[in-house]
Amino acid sequence: MYSMKPILEQDVIDLLNNGRFEGDLDGYVLSDGADLFGWSLFRVDSDVTVMLDVLAPDFKFLDGLIRASVALGESRGTTAFSLNMDISDFAKYKQVFFENEGDIIPNDKLFTPCHGE
């Protein structure tokens, strides 16, 4: 069984970040209890969750890591999120789900279910 948990140890965030991004960072890890399968790094900037980097074994886990990260940001008062387009997985995700959106995407676009008309 897979689980996604917020990273609570600063040294783990520092290890994943490897000095690439500045500011207070947060993250999630994806594991099966024994092995690490994926992770996300993000920062809360004012009212935007800035998705900085991700490692996901496939698209469904990428979606889950993004949603978990944005939800944590929203619990801290963000109303929108952005994706680091230098990361190919984020660029693909935006192309599939948010092609017509700008750089800053409202959270409700991610969390509002689609309804067929």
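Presented here is an overview of the structure given in this document. Small disclaimer: the values here were computed from a predicted structure and weren't measured.

### Here's the deal with the packing of aromatic side chains
Phase 1 of the analysis: Taken as a whole, this structure holds nine aromatic pairs when the rule is applied.
Phase 2 of the analysis: A ring pair is formed by Tyr 93 and Phe 98, whose centres lie 6.2 Å apart and whose planes are at 50 degrees; its orientation type is tilted. Both residues of the pair, Tyr 93 and Phe 98, belong to the buried class.
Phase 3 of the analysis: Each ring, one from Phe 97 and one from Phe 98, has its centre 6.5 Å from the other, and the planes form 55 degrees; the classification is tilted.

### A word on the side chain of Ser 69
Phase 1 of the analysis: Assignment of secondary structure puts Ser 69 in helix α2 (residues 59-75).
Phase 2 of the analysis: Of the residues examined, Ser 69 reaches a relative accessible area of 0% and is grouped as buried.
Phase 3 of the analysis: Excluding its chain neighbours within four sequence positions, the residues that come into contact with Ser 69 are Tyr 28, Ser 40, Phe 42, Thr 49 and Met 51.

### Side note on a nonpolar patch on the surface
Phase 1 of the analysis: On the surface, Phe 59, Val 96 and Phe 97 cluster together to form a nonpolar patch covering roughly 280 Å² of accessible area.
Phase 2 of the analysis: Summarising the element assignment, Phe 97 is placed in helix α3 (residues 88-97).
Phase 3 of the analysis: Looking at Phe 97, the relative accessible area reads 45%, which means it is partly exposed.

### Quick look at the sheet that holds strand β6 (residues 105-106)
Phase 1 of the analysis: The strand order across the open sheet built from six strands is β1-β2-β3-β4-β5-β6, with neighbouring strands paired in mixed fashion. Where the open sheet ends on each side, the last strands, each with one partner, are β1 (3-6) and β6.
Phase 2 of the analysis: As judged from the two bridges shared by strand β5 (residues 80-83) and β6, these two strands associate in the antiparallel manner. Bridging across to β6, Phe 81 finds its partner in Ile 105.
Phase 3 of the analysis: Packed onto the sheet, helix α1 (residues 10-17) meets β2 (26-31) and β3 (36-45) and runs at close to 95 degrees relative to β3.
Phase 4 of the analysis: Packed on one face of the sheet, α3 meets β4 (48-55), β5 and β6 and runs near 120 degrees to β4.

### Points about the pairing of β5
Phase 1 of the analysis: With burial as the criterion, each face of β5 is covered, one bearing Ala 80 and Ser 82 and the other bearing Phe 81 and Leu 83.
Phase 2 of the analysis: Direction of pairing for β4 relative to β5: parallel, over a ladder of four bridges. Each bridged residue has a counterpart across the sheet, and for Thr 49 the counterpart in β5 is Phe 81.
Phase 3 of the analysis: Once the chain exits β4 it traverses α2 before rejoining the sheet at β5, and the crossover so formed is right-handed.

### A closer look at the pattern of salt bridges
Phase 1 of the analysis: Applying the stated criterion across every chain yields a total of six salt bridges.
Phase 2 of the analysis: Note that Asp 58 and Lys 60 form a salt bridge whose closest N and O atoms lie 3.1 Å from each other.
Phase 3 of the analysis: You can call Lys 60 exposed: its relative accessible area is 60%.
Phase 4 of the analysis: A salt bridge links Asp 63 to Arg 67; the nearest nitrogen and oxygen atoms lie 2.9 Å apart. With a gap of four residues between them, Asp 63 and Arg 67 both fall in helix α2, about one helical turn apart.

Calculation criteria
- Residues numbered from 1 in each chain as written.
- Predicted model: local features only at pLDDT ≥ 70, side-chain atom pairs only at ≥ 80, totals over all residues.
- Heavy atoms only, no water.
- Phe/Tyr/Trp six-rings, centres within 6.5 Å; stacked < 30°, edge-to-face > 60°.
- Buried < 20%, exposed > 50% of the residue type's maximum accessible area, 1.4 Å probe, protein only.
- Helix = DSSP H or I, 4+ residues; strand = E, 2+ residues; numbered from the N terminus.
- Contact = heavy atoms within 4.5 Å.
- Patch = residues over 30% accessible without salt bridge, like charges linked within 9 Å, V, L, I, M, F, W, Y side chains within 5 Å.
- Areas by Shrake-Rupley, 256 points an atom, 1.4 Å probe, with all protein chains shown as cover.
- Salt bridge = Lys/Arg side-chain N within 4 Å of Asp/Glu carboxyl O.
- Pairing = 2+ DSSP bridges.
- Axes fitted to C-alpha atoms, helices over the stretch in contact; angles between N-to-C directions.
- Right-handed = clockwise from strand over helix to strand, strands pointing away.

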